[in-house]
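Here is what each chain is made of, one letter per residue.
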Amino acid sequence: MKRSIKKVAVIGSGIMGSGIACHFANIGVEVILFDIVPRELTDKEKAKGLTLEDKVVRNRLVNDSLKASLKSKPSPIYNQKFASRISTGNLEDDLHKIKDVDWIIEVVVERLDIKQKVFESIEKHRTPGTLITSNTSGIPIAFMNKGRSEDFQQHFAVTHFFNPPRYLKLFEVVPGPNCKQEVTDFLMMYGEKFLGKTSVLAKDTPAFIGNRIGVFGIMSLFHIVKELGMTVEEVDKLTGPVIGRPKSATFRTCDVVGLDTLVHTANGVADNCPDDEMHDSFAIPDFINKMMENKWLGSKTRQGFYKRTKNAEGKKEILSLDLNTLEYKAQVRPKFATLLATKTIENVSDRFKVLIKGKDKAGEFYRKSFTALFAYVQNRIPEISDELYRIDDGLRAGFGWQHGPFQIWDAVGVAKAVELMKTEGHDVASWVTEMLAAGNDSFYTVKDGTNYYYDIPSKKYVKIPGQDAFIILDNIREAKEIWSNADTSIQHLGDGVLNIEFRSKMNTLGAGVLAGINKGIDLAEQEYEAVILGNQATNFSVGANLAMALMMAVEQDYDELAYGVKHFQDTVMRLRYSSIPTLMTPRGMTFGGACEMGMHVDKVIAAAETYTGLVEFGVGIIPAGAGTKEMTKRVSDLWVKDDVKLNRLRDAFINIAMAKVATSAYEAFDMNYYLHHKDLVVVNEKLQIATAKRHAIQMLEDGYTQPAPQKVRVLGQQALGMFMVGTDSLMQGRYASEHDRKIANKLGYIMAGGDLSEPTDVSEQYLLDLEREAIMSLFTERKTLERIQHTLKTGKPLRN
């Protein structure tokens, strides 16, 4: 039976329930969000003369929860307008509405008795065949659906989202004992294709996959930390970005999640897995028990492993907890020789072999923590999963690791890690020993651009399913690369479509990247058919290479700097006016010059989680890679009267002057960075490049024609006067410095088209010249250089 999801019911409006409702609204699904009816009136309700029978009172809990969720940061929703897709109700008056939905998701408190009552009520109104799932993090399915009808059980599974549902990619699917295979297959597919998740098939075991391994890693680390006498700062330094994990690392992550949540999960595993060979690792250490007694649970209680405070001078300070004295102290920046040895190693996976060889405390920490992790995951198959790649998927998607446990093991070297495990006193699973004895020295391999994993029962490498829809650059680069320099790789994706991949640090746009873009267009125009600007880094690009521009400005090499700006503009304009289709696949941070490139390609295939904007104002300059010109042109292209255009031009000016960043690709449409008639969004970023290739081919088949240059209507003095009055007011109100006003006036001058006496049609090159003239004058300003230096050093803008 063909199944589609048009309407979803979410039962329970807490943080998770509201977050799940918002994410379904994100992808265009209609949602009904439910919660219980309040039993008491609030003081405000009493003052208004309301009763417990009034609808506004009966829906208070669900409405307040949703409202709080929509106000939270980071936002659970791509665009606030999407909240209109969510309606609310209560479980007494409105539950009958679930008869019209396609999927019911239970997200109530983690108590079996309450869940059973909810399911009993649901079954009275549920239409047979409707999907019914629970977001439980560990209650066994057999207990939850006990006593339910055959149809209910056939369509029942756990669908475990990780918090926050919009941002964390893990979607664990745990089918019930009587769940139909077609239901499991549908949920796995829907999670990937529509929700943009990494769907991981898990077994009905305590904490499933992600939390079982992730919490073990943290609990094991707690014991290692005490053994080695390490500090909170040291551990977070060693377990963050240096090994491809989030900046929050370990202890900061515990503060964010909540120590009580961590302890609850650890106790759940300890209570329900008595035969776990590392059962002792889940025992709560004394210092954690003391923190629980003190209610030092993290962010929710304003102190945990870290505590925000003010020093004697009244400045904000973050203290760290001394795990021995349990007193807060000033942080000490940790330094390890082992980390220094990895400083020049850009690829995270190449660092692991160096880290485990360290002779200092850091090296010892890595050897103990990694071998404990390897020893644990080797024995979880087939207990929690039949396939090892699912464990890696769970940790990458649920905890933000770049590499899962088996991938780290591969990076260290399987045989080498086995030696270390024995040294640290860990037994090695027989299947690992047999794998090595058979000459298979890794858990993964790549064949013809496709990933394979070692399948334990068959003792063979088996293709990881679901890859056919993706193009994985890491797998094809070596075989498909047709040109490269230090900062760029060009691959032929087939069918005449080239991909230009940025490889510079943070994918900054310097001379090497510009050379690669121009070379790619040359090749496409001469021998191939189309070009994609696509990479699969966390962030597409942070923009132009400011460090290089700063060096030229400081050395007063203005001719070279002017040439660089002109070359950047010419490259961006070539993306628009080449004879072949040009596409771009932004994701994550896509700032400044990268945003400008996206505004000039023929089509953008943006990941939903794309954060883009013209941020140059924040470092004391204006967008001069055709971005200011293009925002002016996009207002000019509107079929509206000049007075309406003036208002739209003001909006565009404000976006640039405030360095506003769209917090999703959908917001980028509202800010005019992307255009509805040509650009599109994909929720699953793994599909981006394959989707771009498909659209490139379609554009060619439809008869792609090289665009012709167009005139831009500028408003001259009418707009310039508006901008000048506005910047004067901001300065007088002390919202802007004199230097801010100077930059803003230069921006306004470009967007007005100069000091023209009446509205005039000008060429794009005319505006590009104004851009270049403005930015070159700003590069001669001391305050501009100070702002750039400060930003490069701290990552934060300076107001001077």
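Residues numbered from 1 in each chain as written. Predicted model: local features only at pLDDT ≥ 70, side-chain atom pairs only at ≥ 80, totals over all residues. Heavy atoms only, no water.

Participant: Which parts of the structure should I look at to understand the overall build of the protein?
Facilitator: Along the protein, the regular secondary structure elements total 33 helices and 25 strands. Here the C-alpha radius of gyration of the protein, 28 Å, is about what a compact globule of 800 residues would show, namely 28 Å. The principal-axis extent of the C-alpha atoms belonging to the protein is close to 80 × 70 × 70 Å. Looking at the 800 residues of the protein, the share that counts as buried comes to 55%. Contacts spanning at least 24 positions in sequence make up 69% of the contacts within the protein whose residues lie at least 6 apart. Of the roughly 35400 Å² of accessible surface on the protein, a fraction of 51% belongs to carbon and sulfur atoms. With 101 positive and 102 negative side-chain charges, the protein shows a separation of 3 Å between the mean positions of the two kinds. (Helix = DSSP H or I, 4+ residues; strand = E, 2+ residues; numbered from the N terminus. Rg over C-alpha atoms; globule rule 2.2 N^0.38 Å. Buried < 20%, exposed > 50% of the residue type's maximum accessible area, 1.4 Å probe, protein only. Contact = heavy atoms within 4.5 Å. Areas by Shrake-Rupley, 256 points an atom, 1.4 Å probe, with all protein chains shown as cover. Lys, Arg positive; Asp, Glu negative; His and termini not counted. Charge placed at Lys NZ, Arg CZ, Asp CG, Glu CD.)

Participant: Before we go on, may I ask you to explain unusual backbone geometry in this structure?
Facilitator: Backbone phi values are negative for most residues with the exception of glycine, while trans is the configuration of most peptide bonds. Note the cis peptide between N163 and P164, where omega equals 0°. Along the polypeptide, P164 turns up in the loop between β6 (156–161) and β7 (170–175). Along the chain, I381 connects to P382 via a cis peptide bond; the corresponding omega equals 10°. Tracing the chain through its elements places P382 in the loop between α16 (361–378) and α17 (388–399).

Participant: Explanation requested: the packing of aromatic side chains in the structure shown.
Facilitator: Each aromatic ring pair is characterised by the separation of its centres together with the angle its planes make. Within this structure, the stated rule accounts for 37 aromatic pairs. Taken together, a centroid distance of 4.5 Å and an interplanar angle of 55° make the contact between F251 and F305 tilted. Of this pair, F251 sits in helix α11 (residues 251–257) while F305 is found in the loop between α13 (286–293) and β9 (306–310), placing the two residues 54 residues apart along the sequence. Note on accessibility: F251 and F305 belong to one class, buried. Ring pairing ties together the aromatic residues F352, F365, Y366, F370, F374, F406, W409, W431, F443, Y454 and Y461, which thus form one cluster. Above the face of the Y376 ring, R380 is positioned so that its terminal group lies 4.3 Å from the ring centre. (Phe/Tyr/Trp six-rings, centres within 6.5 Å; stacked < 30°, edge-to-face > 60°. Lys NZ or Arg CZ within 6 Å of the ring centre and 35° of its normal.)

Participant: What's the story with the sheet that holds strand β23 (residues 680–682) in this structure? I'm lost.
Facilitator: Each strand in a sheet pairs with another by means of backbone hydrogen bonds, the pair being arranged parallel or else antiparallel. Across the sheet, which stays open at both edges, the seven strands sit in the order β15-β16-β17-β18-β19-β21-β23 with mixed pairing between neighbours. The open sheet has two free edges, formed respectively by β15 (481–484) and β23, since each of these has just one partner strand. With strand direction ignored, the average angle separating the axes of adjacent strands in the sheet is 20°. Alignment of strand β19 (residues 582–584) against strand β21 (residues 603–607), held across two bridges, turns out to be parallel. If you follow M584 over to β21, its bridge partner there is V604. Set on the sheet, helix α22 (residues 511–526) makes contact with β15, β16 (488–492), β17 (497–502) and β18 (530–533); between it and β17 the angle comes to about 175°. (Pairing = 2+ DSSP bridges. Axes fitted to C-alpha atoms, helices over the stretch in contact; angles between N-to-C directions.)

Participant: Would you mind going over the packing of helix α31 (residues 738–752) against helix α33 (residues 782–794) with me for this structure?
Facilitator: Between two packed helices, the angle of one axis relative to the other and the distance separating the axes together describe the packing. Where α31 contacts α33, the two axes come as close as 11 Å, and the packing angle between them is 100°. The orientation of α31 relative to α33 falls into the category roughly perpendicular. Here α31 contributes H739, D740 and I743 to the contact with α33, which in turn contributes K783, T784 and R787. By residue class, the composition of the contact of α31 with α33 is one nonpolar, two polar and three charged. (Parallel < 35°, antiparallel > 145°, perpendicular 65-115°, else oblique. Nonpolar A, V, L, I, M, F, W, Y, C, P; charged D, E, K, R; others polar.)

Participant: Whenever I open this one, the nonpolar core confuses me. Can you help?
Facilitator: Soluble globular proteins tend to bury their nonpolar side chains together. Counting 117 residues, the largest nonpolar core has F24, W103, L533 and M597 as its most contacted members. In contact with M597, other than residues within four places in its own chain, are F502, L509, L514, I517, L533, F568, V572, L575 and M584. By size, the runner-up hydrophobic cluster in this structure holds 114 residues, among which are I104, V232, L238 and Y461. (Core = buried A, V, L, I, M, F, W, Y, C linked by side-chain atoms within 4.5 Å.)

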